[in-house]
Amino acid sequence: AQKITQTQPGMFVQEKEAVTLDCTYDTSDQSYGLFWYKQPSSGEMIFLIYQGSYDEQNATEGRYSLNFQKARKSANLVISASQLGDSAMYFCAMEGDSWGKFQFGAGTQVVVTP
Amino acid sequence: DGGITQSPKYLFRKEGQNVTLSCEQNLNHDAMYWYRQDPGQGLRLIYYSQIVNDFQKGDIAEGYSVSREKKESFPLTVTSAQKNPTAFYLCASSTYDRSGYTFGSGTRLTVV
């Protein structure tokens, strides 16, 4: 069975600072994908970044980067230079070999303050 | 613009009534999914469909039913057998190789 753990229920970060959101996972699959999504208060899920289990380099997308440590089974999201618009719920998710089965973590609420 | 449309955004129903949530996509995606989200929690997979006229149960299918008669449409029925139906429901779609995973804007269902 797959499991995603996000241990930080919420955090405050000052504008322009970097923030790291923790995500650990557990799976017996050899091939899997790790995703991060942002969910603002409006409810839609916005895709941020993807890391494949066989990717050797950490994924980056603009201000988002994924710190992938396969041996430790962690996939932390780093948001650089936080903006007020980054205030939202952030979810880590994993898809393994089982087709279509996304497993989501409980999420981390981020509040960016001026 | 291509995307996923979920309607309505807010839905109220009396306890014991079945209710159907709509999900339509014009992305030409093969696969479609339904997720449920409870307050302060992540998403849980209810049902998914890889192809027309075929669908599979997810982790929490009890009390729900779906159909996939057209590629573009994947309606979800919340039946009276669902013991705690009040939640936020999200529909998603993807290509067959799971790329381009796209979510709709969700339907918030409240059962009173």
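Up top is the structure these notes are about.
Residues numbered from 1 in each chain as written. Chains lettered and ligands numbered in written order. Predicted model: local features only at pLDDT ≥ 70, side-chain atom pairs only at ≥ 80, totals over all residues. Heavy atoms only, no water.

Colleague: Lay out the environment of L90 of chain B in plain terms, naming residues and giving numbers.
Modeller: All names here are of chain B. On the secondary structure map, L90 appears in strand β9 (residues 87-94). Given the relative accessible area of 1%, L90 is considered buried. When the C-alpha atoms of L90 and Y33 are compared, they prove to be 8.3 Å apart, with 57 residues separating the residues in sequence. (Helix = DSSP H or I, 4+ residues; strand = E, 2+ residues; numbered from the N terminus. Buried < 20%, exposed > 50% of the residue type's maximum accessible area, 1.4 Å probe, protein only.)

Colleague: Give a detailed account of the packing of aromatic side chains, specifying residues and quantitative values.
Modeller: Taken as a whole, this structure holds 20 aromatic pairs over all chains when the rule is applied. On the numbers, 6.1 Å between centres and 35 degrees between planes, the contact of F102 of chain A with F104 of chain A is tilted. The exposure class assigned to F102 of chain A is buried, which follows from its relative accessible area of 2%. Each ring, one from Y47 of chain B and one from F55 of chain B, has its centre 5.9 Å from the other, and the planes form 80 degrees; the classification is edge-to-face. The exposure class of Y47 of chain B is buried, given its relative accessible area of 8%. (Phe/Tyr/Trp six-rings, centres within 6.5 Å; stacked < 30°, edge-to-face > 60°.)

Colleague: Tell me about unusual backbone geometry, residues and numbers included.
Modeller: In the segment running from S7 of chain B into P8 of chain B, the intervening peptide bond is cis, with an omega of -10 degrees. Looking at the secondary structure, you find P8 of chain B in the loop between β1 (4-7) and β2 (10-13). Backbone geometry places K73 of chain A, a non-glycine residue, at a positive phi of 55 degrees. Structurally, the position occupied by K73 of chain A is in the loop between β8 (64-69) and β9 (74-79). Phi is positive for N28 of chain B, close to 60 degrees, though the residue is something other than glycine. If you trace the backbone, N28 of chain B turns up in the loop between β3 (19-25) and β4 (31-37).

Colleague: Kindly report on a nonpolar patch on the surface, identifying the contributing residues and their values.
Modeller: A cluster of nonpolar side chains, contributed by Y10, F12 and V112 of chain B, occupies part of the molecular surface with about 380 Å² of accessible area. Note on placement: V112 of chain B falls in the segment after β11 (107-111). (Patch = residues over 30% accessible without salt bridge, like charges linked within 9 Å, V, L, I, M, F, W, Y side chains within 5 Å. Areas by Shrake-Rupley, 256 points an atom, 1.4 Å probe, with all protein chains shown as cover. Salt bridge = Lys/Arg side-chain N within 4 Å of Asp/Glu carboxyl O.)

Colleague: Describe the pairing of β4 of chain B, with residues and values.
Modeller: All names here are of chain B. Counted residue by residue, β4 has 7 buried out of 7 residues, so it is predominantly covered. Alternating residues of β4 divide into A31, Y33, Y35 and Q37 and M32, W34 and R36, and every residue in both groups is buried. With 7 bridges connecting them, β4 and β9 associate as antiparallel partners. Bridged to Y35 within β9 is L90. As paired strands, β4 and strand β5 (residues 43-51) are joined by 6 bridges and run antiparallel to one another. Counterpart to Y33 in the pairing with β5 is Y48. The hairpin turn running from β4 into β5, its antiparallel successor, is 5 residues long, and G40 in that turn takes a positive phi close to 70 degrees. (Pairing = 2+ DSSP bridges.)

Colleague: Any chance you could break down the pattern of salt bridges for me, citing the residues and the numbers?
Modeller: Tallying each qualifying case throughout the model produces 5 salt bridges over all chains. Of the charged contacts in the structure, one is a salt bridge between D26 of chain A and K73 of chain A, with a shortest N-O distance of 3.5 Å. Of the two residues, D26 of chain A sits in strand β4 (residues 24-26) while K73 of chain A sits in the loop between β8 and β9, which places them 47 residues apart along the sequence. Note that D38 of chain B is salt-bridged to R36 of chain B, the shortest N-O span being 3.0 Å. R36 of chain B carries the same exposure label as D38 of chain B, and that label is buried. Among the charged side chains, a salt-bridge network with shared partners connects R36, D38 and R44 of chain B.

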